[in-house]
Amino acid sequence: MASYPELSGRVVAVTGAAQGIGAATARAFAAQGAAVALLDIDEAGMKGVADAIAGKGKKPLTIKCDVTDERSVAQAIERVAAGLKGLDVLINCAGGYGRLSSVADMPPDEWDRTIALNLRSVFLVSRAAIPHLKRSKAGRVINVSSISGRAVTVASSPAYVASKAGVIQLTRYLAQELGPHGVTANAIAPITTLTPRVAALRTEAEVERIAALVPLKRLAEPEDHAQAMLFLASDAASYLNGVTLDVNGGRVMM
Ligand SMILES: NC(=O)c1ccc[n+]([C@@H]2O[C@H](COP(=O)([O-])OP(=O)(O)OC[C@H]3O[C@@H](n4cnc5c(N)ncnc54)[C@H](O)[C@@H]3O)[C@@H](O)[C@H]2O)c1
């Protein structure tokens with residue numbers, strides 16, 4: 001992993017940190033010496049991630065939080081700011097979808113739940129974090145979109161692809177709103193990454209087919225995304241605002 005000494009001591013909150021890309025991101029920031037808060041609905045998962053991080057350094061804060069629930073989000077962000085004395089970097093990583101689907105067979109309540117998990121969540125958590133980020137000397141919002149928000153390339157979920165496109169545009173709006181306060185907002189758009197959730201969604205043959213279409217001939221590892229987010233949080237990225245980094249091995253070039 002790259003080294004960014006300026007991240008040491010920064011307060012970083014990661015949603016969806018109990019597994020997958022969020023967990024890898026929390027580990028990566030902790031390894032830079034950041035004070036990390038894990039936010040997730042999965043308490044057991046968070047404990048496992050926190051214990052592993054604590055074995056190598058400072059124990060992260062773990063806060064049970066449903067990112068789709070306004071009150072839960074407000075309480076969690078206040079606990080981060082009170083417990084770690086502020087908030088410098090917000091990483092909106094919680095998201096995903098449970099099954100492949102067409103528009104024709106998607107019940108409206110599944111649409112609403114998926115949009116809430118992937119888009120309402122980014123709005124709610126960012127909104128709660130804004131007062132704290134404005135007080136930071138290096139405030140950052142980093143949102144996790146998806147290659148599915150950039151282009152339609154494989155079977156997915158219509159609500160998911162729409163929500164992830166929404167995350168990119170919300171990121172730009174945040175960039176415009178927060179820029180005057182010295183806070184940047186950027187996103188990453190990961191390609192298929194074999195987290196436990198995605199391994200359950202796709203067959204091995206599908207995974208091989210998707211990997212073969214990537215110029216780099218492999219799918220991403222969670223750490224590829226964590227590296228991109230370390231960079232976006234670092235001083236080296238201080239003039240990047242409103243961008244979406246395509247962490248996709250060249251599969252879709254925007
Ligand atoms: N894995 C991929 O192929 C891939 C590709 C592109 C984008 N992404 C995006 O990356 C992010 C992480 O994906 P992943 O594959 O690591 O997912 P994952 O399912 O492995 O982890 C998601 C985490 O979010 C948590 N979570 C779910 N609902 C929540 C809620 N309401 N409140 C709080 N936490 C909640 C889960 O408990 C879990 O720990 C998601 O936003 C996903 O859309 C993933």
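Here, the structure is the one placed above.
This one's a predicted model, so the numbers in the text were calculated from it and none came from an experiment.

Q: Explain the nonpolar core here, please?
A: It is characteristic of soluble globular proteins that their nonpolar side chains tend to be buried jointly. By size, the foremost hydrophobic cluster in this structure holds 31 residues, and its most contacted members are Phe29, Leu38, Ile91 and Met229. Listing elements by their share of this core, those giving two or more residues are β1 (11-15), α1 (20-31), β2 (35-40), α2 (43-54), β4 (89-92), β5 (140-144) and α8 (222-233). Top element by residues in this core is α8. It accounts for six residues. Core analysis: the second largest hydrophobic core is formed by 27 residues, Val67, Val125, Val141 and Ala175 among them.

Q: Honestly, the site of the ligand in this entry has me stumped. Any pointers?
A: Of all residues adjacent to the ligand, which total 28 residues, the nearest are Gln19, Asp40, Tyr160, Thr193 and Thr195. Residue cysteine 65 places a main-chain N or O atom 3.4 Å away from a nitrogen atom belonging to the ligand. Contacts to the ligand include lysine 164, whose side-chain N or O atom sits 2.9 Å from an oxygen atom. Relative to its free-state accessible area of 830 Å², the ligand is covered by the protein chains to the extent of 92%. The pocket occupied by the ligand, as judged from atoms lying within 2 Å of grid points, is the largest pocket. Put simply, the parts of the chain that give the shell around the ligand at least two residues each are α1, α5 (158-178) and α6 (196-201). Residue composition of the shell around the ligand, grouped by class: 13 nonpolar, 10 polar and five charged.

Each value, and the rule that gives it
Residues numbered from 1 in each chain as written. Predicted model: local features only at pLDDT ≥ 70, side-chain atom pairs only at ≥ 80, totals over all residues. Heavy atoms only, no water. Core = buried A, V, L, I, M, F, W, Y, C linked by side-chain atoms within 4.5 Å. Buried < 20%, exposed > 50% of the residue type's maximum accessible area, 1.4 Å probe, protein only. Helix = DSSP H or I, 4+ residues; strand = E, 2+ residues; numbered from the N terminus. Near = heavy atom within 4 Å. Polar contact = N/O pair within 3.5 Å; in protein donor to acceptor, adjacent residues only side chain to side chain. Areas by Shrake-Rupley, 256 points an atom, 1.4 Å probe, with all protein chains shown as cover. 1 Å grid on protein atoms, 1.4 Å probe; cavity = no way out; pocket = protein on both sides within 12 Å on 5 of 7 lines; lining within 4 Å. Sits in = over half its atoms within 2 Å of the grid points. Nonpolar A, V, L, I, M, F, W, Y, C, P; charged D, E, K, R; others polar.

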